[in-house]
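Residue strings, one per chain:
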Amino acid sequence: MSTTYRLGVLEGDGIGPEIVPSAVEIATAAARVTGTSVDWVTLPLGAAAITTHNTPVPDETTTALADLDGWYLGPHDSVSYPEPHKSALNPSGNLRKHFQLFANIRPAKSFPGAKAVCDNADLVIVRENTEGFYADRNTFAGTGEFMPTENTAIMLGIITREATERVARVAFDLARSRRKKLTIVHKANVLKLTTGLFRTVCQEVAEDYPDVAVDDFHIDAMTVHLVRRAQDFDVIVTENMFGDILSDLAGEISGSLGTAPSINASADRAMAQASHGSAPDIAGQNIANPVAMILSGAMLFEWLAARHDAPALTKVAEIIEAGVAQAIASGTSTRDLGGSASTTEFTATVIKAIEAGAGQN
């Protein structure tokens, strides 16, 4: 008996209404090849939802997501929202916090044919997603930032054993399935209690993974190591802000931030979200690179395959990835990768590669 997987579609702001439909169209083509049934559920979110619902994340969206198998989240442009929405927790942070999506998994892999700084980078950054040095993750209500006087601003940065251990286990499990190397990134020489606790807990978890080689670096040194020898790293685990910075750097090193995918996951839910922002300067021009969003969707199908023990979903992910790689290797890419293809042209090329591959099987 076949199963229909219900996936949410939240286009978001800026280039979101261009790249999210591209990713959905390509995933639909890949699912068709494998005979996988997907029901796409479009939900309001972002600036458009402020106009229709007076909030960027309507209650009906959150309620609907709870009943879905996963969802695609487009980028948001919350800095352009009117108050009080501009100062509130942004849509991505809102959903991560509400659903406790504690693990942000961000691969960076070089594509043949793309202008990568490191041609053979293949690493994954696992970023703790619910606390750390982004203040908006650290309080039950509010943003975790406050001003006791008009000239003094304070933010909270919290590290807990529980949150660190659960994300460390995700990272070690991932490393065990890859090249069995894991790097802990911290700043324990200065932030001794907070990132010192993060490093210590990760090292304690490492005792349960004797087959995984472990090292650690300070965040400042790690930026240099990534630039000089990204190919030497496999899985990197770190706290929230450090992981955000490193994953942007890794995305550029491997070709473009436009190729950097990610998922945000808990034990029972996952959200596909490209690592980049909404790029409002190029929105509506049909030139945005959809690769990061497309590959984020592939990651979601991989996650669903593991959760539901469904090999067909793994095949969907593999077909998506192969189609993207083939399109880029053949010389079709968007401007950020040195090509001239539009968003829709690139999408059509990937779908053509997927359909051609299906015809050969």
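For the structure itself, consult the block above.
Position numbers for residues start from 1 in each chain and track the written sequence from start to end. Per-residue local features of the predicted model are confined to residues with pLDDT of at least 70, and side-chain atom pairs are confined, for both listing and counting, to 80 or more; whole-chain, interface and lining totals are unaffected and use all residues. Side-chain numbers here rest on the full set of heavy atoms in the structure, without hydrogens or water.

Overview of the pattern of salt bridges
Here's step 1: Any carboxyl oxygen of Asp or Glu within 4 Å of a side-chain nitrogen of Lys or Arg constitutes a salt bridge here. Here the structure, examined in full by the defined rule, presents 14 salt bridges.
Here's step 2: In this structure, R161 and E204 form a salt bridge, with 2.6 Å as the shortest nitrogen-oxygen distance. Here R161, found in helix 5 (residues 161-177), pairs with E204, found in helix 6 (residues 194-206); they are 43 residues apart in sequence, far enough to count as distant.
Here's step 3: Across the salt bridge formed by K187 and D220, the nearest N and O atoms sit 3.0 Å from each other. Taken together, the positions of K187 in the loop between strand 8 (181-186) and helix 6 and D220 in helix 7 (residues 219-229) put the pair 33 residues apart, joining distant regions of the chain.
Here's step 4: Categorising residues by exposure relies on relative accessible area from a 1.4 Å probe, with only protein chains included: less than 20% of the type maximum marks a residue as buried, more than 50% marks it as exposed, and the intermediate range marks it as partly exposed. When its relative accessible area of 42% is taken as the criterion, D220 is described as partly exposed.
Here's step 5: Connected through salt bridges with shared partners, the residues D122, R178, R179 and D234 form a single ionic network. Helix and strand assignments follow DSSP, with helices taken as H or I runs no shorter than four residues and strands as E runs no shorter than two, numbered in order from the N terminus.

Concerning the pairing of strand 1 (residues 4-10)
Here's step 1: A large share of strand 1 lies buried, amounting to five of its seven residues.
Here's step 2: For the handedness criterion, the β-α-β arrangement of strand 1, helix 1 (residues 16-34) and strand 2 (residues 37-42) is classed as right-handed.
Here's step 3: Two strands make a pair as long as DSSP finds a minimum of two bridges between them. Of the strand pairs in this sheet, strand 1 and strand 3 (residues 70-73) are connected by four bridges, and their pairing is parallel. In the sheet register, G8 faces strand 3, and the bridge partner there is W71. With the strands pointing away from the viewer, any crossover whose connection runs clockwise from the first strand over the helix to the second is right-handed.

A few points about the packing of helix 9 (residues 291-308) against helix 10 (residues 311-329)
A pair of packed helices is characterised by two quantities: the angle between their axes and the separation of those axes.
Here's step 1: One way to put it is that helix 9 packs onto helix 10 with a least axis distance of 7 Å and a crossing angle of 160°. One element, helix 9, and the other, helix 10, form an angle in the roughly antiparallel class. The hand of the helix 9/helix 10 crossing is left-handed. Facing V291, I294, L295, A298, F301, E302, L304 and A305 of helix 9, the residues of helix 10 in contact are L313, T314, V316, A317, I320, E321, V324 and I328.
Here's step 2: Residues were grouped as follows: Ala, Val, Leu, Ile, Met, Phe, Trp, Tyr, Cys and Pro as nonpolar; Asp, Glu, Lys and Arg as charged; and all remaining residues, including Gly, as polar. Of the residues in the contact of helix 9 with helix 10, the class split is 13 nonpolar, one polar and two charged. To obtain each axis, a line is fitted to C-alpha atoms, and for helices this fit is confined to the stretch in contact; angles are then taken between N-to-C directions over 0 to 180 degrees. Working definition: roughly parallel below 35 degrees, roughly antiparallel above 145 degrees, roughly perpendicular at 65 to 115 degrees, and oblique for all remaining angles. Take the far helix as the reference: if the near one is turned anticlockwise from it by less than a right angle, the crossing is left-handed, and if turned clockwise, right-handed. Any pair of residues with heavy atoms lying within 4.5 Å of one another is described as a contacting pair.

Considerations on the sheet that holds strand 12 (residues 270-273)
Here's step 1: Pairing within the open sheet is mixed, and its 10 strands lie in the order 2-1-3-12-11-4-5-10-8-9. In the strand order of this sheet, the two ends are held by strand 2 and strand 9 (213-218), each with one partner. Across the sheet, the mean angle from the axis of one strand to that of its neighbour is 25°, orientation sign disregarded.
Here's step 2: The pairing of strand 4 (residues 103-109) with strand 5 (residues 122-128) spans seven bridges and is classified as antiparallel. If you follow A103 over to strand 5, its bridge partner there is E128.
Here's step 3: Against the sheet, helix 7 engages strand 5, strand 8, strand 9 and strand 10 (235-238), with an angle of about 115° to strand 9.
Here's step 4: Relative to strand 12, helix 9 is tilted by about 165°, and along the sheet it contacts strand 1, strand 2, strand 3, strand 4, strand 11 (263-265) and strand 12.

A word on the side chain of S247
Here's step 1: Mapped onto the elements of the fold, S247 is located in helix 8 (residues 240-253).
Here's step 2: Judged by relative accessible area, S247 falls into the buried class, the value being 4%.
Here's step 3: Polar contacts, as counted here, are pairs of nitrogen or oxygen atoms within 3.5 Å of one another; within protein the pair requires one atom able to donate a hydrogen and one able to accept it, and residues that are adjacent in sequence qualify only if both atoms are side-chain atoms. At a separation of 2.8 Å, a polar atom in the side chain of S247 contacts the main-chain carbonyl oxygen of G243.
Here's step 4: A distance of 3.0 Å separates the side chain of S247 from the backbone oxygen of D244, its partner in a polar contact.
Here's step 5: Setting aside anything within four residues of it in sequence, one finds S247 in contact with R106, I125 and L257.

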